[in-house]
Amino acid sequence: MLIAGFPAGAWGTNCYLVAPAAGEECVIIDPGHEATEGVEEALKKHRLKPVAVVLTHGHIDHVASVVPVCGAHDVPAWIHPEDRYMMSDPEKGIGRAIGMPLMGEITVGEPDDVRTLSDGARLKLAGLDFSVAHAPGHTKGSVSFQMPETTDVPSVFFSGDLLFAGSIGRTDLPGGSMDDMLESLARVCLPLDDSTVVLSGHGPQTTIGQERATNPYLRQVAAGQGPSTEAPRRGM
């Protein structure tokens, strides 16, 4: 399996291209602010053909390049219905008044083909299998994508802004909820094997085992405790 990732734009949002191998079809995950050039470079470098864009949530730092990427390659975008409105109205997602400057070069809107994600869905795209888990907390429509373990590769978990190395997503923006975040961490993350590789929306890769042992939020959830820690949270 080939996973090409890079941090894009002012928020350093991780964009991923996932394919069975170089020269194959691929899925693009979270093409955010200023990701278009990086996507095109990765496609050329690895000789990939996109078949879909999938989105962990609707914040502008994860969806800003959806329209140009989908338009250039005539592919659909998949998003949870609770977050779909943010593609056309990103200011509502971050609590800003309409008309305030928001990275002025961004052209907001929906691509021509938008499809909806649901909890428990199984996507078969580019010869790959993705399990979808609805994981609200950072936003109401946040989701994660898990790829199964194979003989050569451990399971891979694209966590979006649910779980980071040493942290979790912030919950203070519209649609955020710490109660929902803790429930999502318990339901979605804790059952995963320690060997599962976590590729998050921001920052370096980690594993579930590493986070189970060291992440203050995940440790508290595992112990059945509430959000007593004041450790930093991430995300836009």
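Anything mentioned here points back to the structure above.
A brief structural summary. As the structure is a computational prediction, the values presented were derived from the model and not from experiment. (Residues numbered from 1 in each chain as written. Predicted model: local features only at pLDDT ≥ 70, side-chain atom pairs only at ≥ 80, totals over all residues. Heavy atoms only, no water.)

Some words on the sheet that holds strand E8 (residues 128-134)
The strand order across the open sheet built from six strands is E7-E8-E9-E10-E13-E14, with neighbouring strands paired in mixed fashion. Among the strands making up the open sheet, the edge pair consists of strand E7 (122-125) and strand E14 (206-207). Here helix H6 (residues 178-189) sits on the sheet in contact with E8, strand E9 (143-147) and strand E10 (156-160), set at roughly 145° to E8. (Pairing = 2+ DSSP bridges. Helix = DSSP H or I, 4+ residues; strand = E, 2+ residues; numbered from the N terminus. Contact = heavy atoms within 4.5 Å. Axes fitted to C-alpha atoms, helices over the stretch in contact; angles between N-to-C directions.)

Structural notes on the pattern of salt bridges
Using the criterion set out here, one finds seven salt bridges in the structure. As a salt-bridge pair, Asp-172 and Arg-170 come within 2.7 Å of each other at their nearest N and O atoms. Take Asp-172: its relative accessible area is 57%, and that puts it in the exposed class. Given a relative accessible area of 25%, Arg-170 falls into the partly exposed group. Here the salt bridges do not stand alone but share partners, grouping Asp-119, Glu-183 and Arg-187 into one network. (Salt bridge = Lys/Arg side-chain N within 4 Å of Asp/Glu carboxyl O. Buried < 20%, exposed > 50% of the residue type's maximum accessible area, 1.4 Å probe, protein only.)

So, the packing of helix H1 (residues 36-46) against helix H3 (residues 66-73)
Between two packed helices, the angle of one axis relative to the other and the distance separating the axes together describe the packing. Two elements in contact, H1 and H3, have axes separated by 9 Å at closest approach and are oriented at 35°. The residues of H3 that touch H1, namely those facing Thr-36, Val-39, Glu-40 and Leu-43, are Pro-68, Val-69 and His-73. Residues that form the contact of H1 with H3 fall into these classes: four nonpolar, two polar and one charged. (Nonpolar A, V, L, I, M, F, W, Y, C, P; charged D, E, K, R; others polar.)

Things to note about the nonpolar core
Ranked by size, the top nonpolar core spans 27 residues in total, and within it Leu-17, Ile-28, Val-39, Val-53 and Val-66 carry the most contacts. Secondary structure elements with two or more residues in this core: strand E1 (2-8), strand E2 (13-19), strand E3 (25-29), H1, helix H2 (60-63), H3 and strand E5 (77-79). The residues contacting Val-66, other than those within four sequence positions of it, are Pro-31, Val-53, Leu-55, Gly-71, Ala-77, Met-87 and Pro-111. Ile-29, Leu-125, Ala-126 and Leu-128 belong to the second-largest nonpolar core, a separate cluster that totals 22 residues. (Core = buried A, V, L, I, M, F, W, Y, C linked by side-chain atoms within 4.5 Å.)

Let's talk about H3
Buried within H3 we find Val-66, Val-69 and Cys-70. Viewed end-on, H3 has its buried residues packed into an arc of 95°, placing them on one side of the element. More than 90 degrees from the buried face of H3, the exposed residues found are Gly-71 and Ala-72. Buried residues along H3 sit against E3, H1, strand E4 (49-54), H2, E5 and helix H4 (85-88). Remark: Asp-74 follows H3 within two positions and exhibits a positive phi of approximately 55°. (Arc of directions from axis to C-beta.)

Examining unusual backbone geometry
For Glu-34, which is not glycine, the phi dihedral falls at a positive 60°. If you trace the backbone, Glu-34 turns up in the loop between E3 and H1. Among the residues examined, Glu-34 registers a relative accessible area of 53% and is labelled exposed. A positive phi angle, close to 55°, is found at Arg-47, a residue other than glycine. Residue placement: Arg-47 occurs in the loop between H1 and E4. Owing to a relative accessible area of 56%, Arg-47 belongs among the exposed residues under this scheme.

Looking at the sheet that holds E4
Read across the open sheet, the six strands follow the order E1-E2-E3-E4-E5-E6; overall the sheet is mixed. At either margin of the open sheet sits one strand with a lone partner, and together these are E1 and strand E6 (114-116). Between one strand and the next, the sheet's axes are offset by a mean angle of 25°, whatever the strand orientation. Examined bridge by bridge, E2 and E3 share three bridges and lie antiparallel to one another. Looking across to E3, one finds that Val-18 is bridged to Val-27. Its contacts with the sheet place H3 against E3, E4 and E5, and it is angled at close to 145° to E4.

Considerations on the environment of Val-143
Residue position: Val-143 is located in strand E9. Taking the C-alpha atoms as reference points, Val-143 and Ser-159, separated by 16 residues in sequence, lie 7.6 Å from one another. In contact with Val-143, other than residues within four places in its own chain, are Leu-55, Thr-56, His-80, Leu-117, Val-132, Ala-133, His-134, Ala-135 and Ser-159.

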